[in-house]
Amino acid sequence: MKIKNTFIFSIQALSGYPARTLLVLLAMSMGVASVMLLTSLGEGAKRYVNREFTSLGTHILFVLPGRSETTGGPPPMLGQTPRDLTLEDALSLTRNPSIGKVAPIVVGSAPVSWNGKDREVTILGTTADMFEIRQLAMGQGRFLPVQDPSRGSGVAVIGNKIKKEIFGNRSALGEWIRIQDRRFQVIGVLEKKGQSLGLDMSDLVIIPVASAQSLFNTSSLFRIMLEANNRNDVQAAKEAVLRTIKERHDNEDDITVITQDAILSTFDRILTALTFTVAGIAAISLAVAGILIMNVMLISVSQRKSEIGLLKAIGATGSQVLWVFLTEAAILSMIGAILGIFIAYSGMVVIMRLFPDFPVHIPAWSVAASVFTAQLTGILFGVLPARRAAALDPVLALSRR
Amino acid sequence: MTDKGILIKGLKKRYGKGDTAVDALKGVDMQVSPGEVVGLIGPSGSGKSTLLKCLGAVIEPTEGRMTLGNKVIYDNGWKVNDLRALRRDKIGFIFQAPYLIPFLDVTDNVALLPMLAGKPNADSRKLAVELLQALDVAHRAKAMPSELSGGEQQRVAIARGLVNRPPVILADEPTAPLDSERALAVIRILNHMAHQYETAIIVVTHDEKIIPTFKRIYHIRDGVTYEEAGEGRVFE
């Protein structure tokens, strides 16, 4: 039998048993779709994190109190208390030529009230440099003024959500709010913005760093966020920070400097591992689909005994019968894979509609890998039934006695 | 004796070895000329199925000689190389059930055999349509097997058995599922085809309705055949 005829015969056989064909196609397409959709979620998470970090700029550094031996890891939570970072530490960094902007950060929580309305809010103490480092945008008014960071002042910039909750549709600019027992005049409202690096920028109040230190009665900083002059200066800036703070801290390496690249590569490693893990789990469903093909084909061999027996009795070779069944398995897995791709892309469109901020994306490798795995499992699991069909004795197959 | 058709001499078949050996055929002699339709009759366990398998080149005999046309197939332990090709090219099969492939139409069911042999599809289908015309089922050429009556299905199965113009056709109970009228019609067709295509046809049967139609009958009992002249009645 010619290859073309084997192919046509297999197609005719598949359309001749529609229920069986549809069941196998369903299993195979769901397997392929799940591999592609799960990898697309992993890839989407990677892109999301990447986008969040790069939206800050590409040459940001974070200075944390405490020493961590692992780049990108957290500073020690237990054991010896690290030396605190101070405002003077932050100010000393501004003198380095490779460092552009420095924003000391103090974070705390305090009740904010206005006109009888009261609410617990995250308070962020920082300087004017934060505006450019975090690439913030103002909805109304202006950001913190450029001033001596060691001197506090009674001004505050509030997030969009706080503004709506406390002031409603009224203008907040110029109003005096109370944070704990101190009064601050609202000079600006941040533009509506979602979560960024785990901090909801619409749900906080920003005040000068010295005011925050006074408010929370502390001389230490939570972090220092700084920006190197450009991407090439990141390493020099990191070394300068380590050197400067070491000098200031009695020659002790007691801080951790994390570059944006280090954070990104750590996330990249974690999310890549996660993507491969979910892809692996999904691949099991492809193997299950392959086993289903085998089972259905085995049943089919016994159901089609007379057909196979006839083919062999009239002169078809064992290998011709084997190829007919293998071709059926290959066609089933190929059409199943194509349907799976269609389902996966449809699912992706639905996810994009439901979560427009999440950059879901099906990577090309996952399309290729799932189609290849589908073909491989389909053909591999098709071998046993095909061999059984090829080995069928034509006389026994056709015997009714 | 003709040098065409089918000729077997002293055909023996033994299953098993030693004490458990069973002699299914104990020296069968048989000869069917081209254009002739003979009956093969025997009770269960007589060796009828074994003889049919040997004739169909599905199993090999232990001893004896068999020729198809001018070609020696078996000769006391010697056999032709490719029994499968022999089955495909020299022997036509008609079974008790039509065994039509359910997802192929009537033409493709008949054309399947030459296609298997690698003949071009167009030629194979042309041959199939010619036979369907000869068997008066050409009007159902595009129908699926499930749309045919029992008689039509059996005629399509006969066309499939004849499509490669084999010198020998083995028909195993071809009329068993049919009523008298259709059974006799099938025998008429077989006689006609045997005559038209110079084919030697052996019909294995228990069917009392068709036994009177054979001019010669082979009875098989305990692995041995006996020849008998039949009535050769013609039913119109």
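Here, the structure is the one placed above.
All values reported here derive from a predicted model rather than from experimental measurement.

Because an α-helix packs 3.6 residues into every turn, residues spaced three or four apart end up facing the same way. Residue and element names in this part refer to chain B. Spanning 14 residues, helix α4 (residues 121-134) covers 20 Å between terminal C-alpha atoms, matching the ideal 20 Å at 1.5 Å per step. Inspection of α4 places Ser124, Leu127, Ala128, Leu131 and Leu132 among the buried residues, and these make up the whole buried set. The buried residues of α4 occupy one face: seen down the axis, they fall within an arc of 135°. When the buried face of α4 is taken as reference, the exposed residues oriented beyond 90 degrees from it are Ala122 and Asp123. In this structure, the buried side of α4 is in contact with α3 (106-116) and α5 (150-162).

On to the interface of chain B and chain A. The interface is formed by 20 residues belonging to chain B together with 20 residues belonging to chain A. At 4 residues, the largest contribution of residues to the side of chain B that touches chain A is made by helix α2 (residues 83-90) of chain B. Within the side of chain B that touches chain A, the residues separate by chemical class into 13 nonpolar, 3 polar and 4 charged.

A few words now on the sheet that holds strand β1 (residues 6-15) of chain B. Backbone hydrogen bonds are what pair the strands of a sheet, in a parallel or an antiparallel way. Residue and element names in this part refer to chain B. Ordered in space as β2-β1-β4-β5-β6, the 5 strands form an open sheet in which the pairing is antiparallel. One side of each edge strand has no neighbouring strand; the edge strands of this open sheet are β2 (22-32) and β6 (78-79). The sheet contact formed by strand β5 (residues 71-75) and β6 spans 2 bridges and is antiparallel. Within the sheet, the bridge partner assigned to Tyr74 lies in β6 and is Lys79. Packed on one face of the sheet, helix α1 (residues 48-55) meets β1 and β2 and runs near 60° to β2.

Residues and elements named next belong to chain A. The N-to-C vectors of helix α2 (residues 18-54) and helix α10 (residues 318-354) enclose an angle of 45°; their axes lie 7 Å apart at closest approach. Between α2 and α10, the angle is such that the two are oblique. Classified by chirality, the crossing of α10 by α2 is right-handed. Every residue of α10 that contacts α2 at Thr21, Val24, Leu25, Met28, Ser29, Gly31, Val32, Ala33, Met36, Leu37 and Ser40 is listed here: Leu332, Ser333, Ile335, Gly336, Ala337, Leu339, Gly340, Ile341, Ile343, Ala344, Gly347 and Met348.

So, about the packing of α2(A) against helix α8 (residues 260-303) of chain A. Contact pair α2(A) / α8(A): the axes reach a minimum separation of 9 Å and the direction vectors enclose 180°. Viewed along their axes, α2(A) and α8(A) adopt a mutual orientation that is roughly antiparallel.

So, how was this worked out
- Residues numbered from 1 in each chain as written.
- Chains lettered and ligands numbered in written order.
- Predicted model: local features only at pLDDT ≥ 70, side-chain atom pairs only at ≥ 80, totals over all residues.
- Helix = DSSP H or I, 4+ residues; strand = E, 2+ residues; numbered from the N terminus.
- Expected span 1.5 Å × (residues − 1).
- Buried ≥ 20, exposed ≤ 12 C-beta atoms within 10 Å, placed from the backbone.
- Arc of directions from axis to C-beta.
- Contact = placed C-beta atoms within 7 Å.
- Nonpolar A, V, L, I, M, F, W, Y, C, P; charged D, E, K, R; others polar.
- Pairing = 2+ DSSP bridges.
- Axes fitted to C-alpha atoms, helices over the stretch in contact; angles between N-to-C directions.
- Parallel < 35°, antiparallel > 145°, perpendicular 65-115°, else oblique.
- Left-handed = near helix turned anticlockwise from the far one by under 90°.

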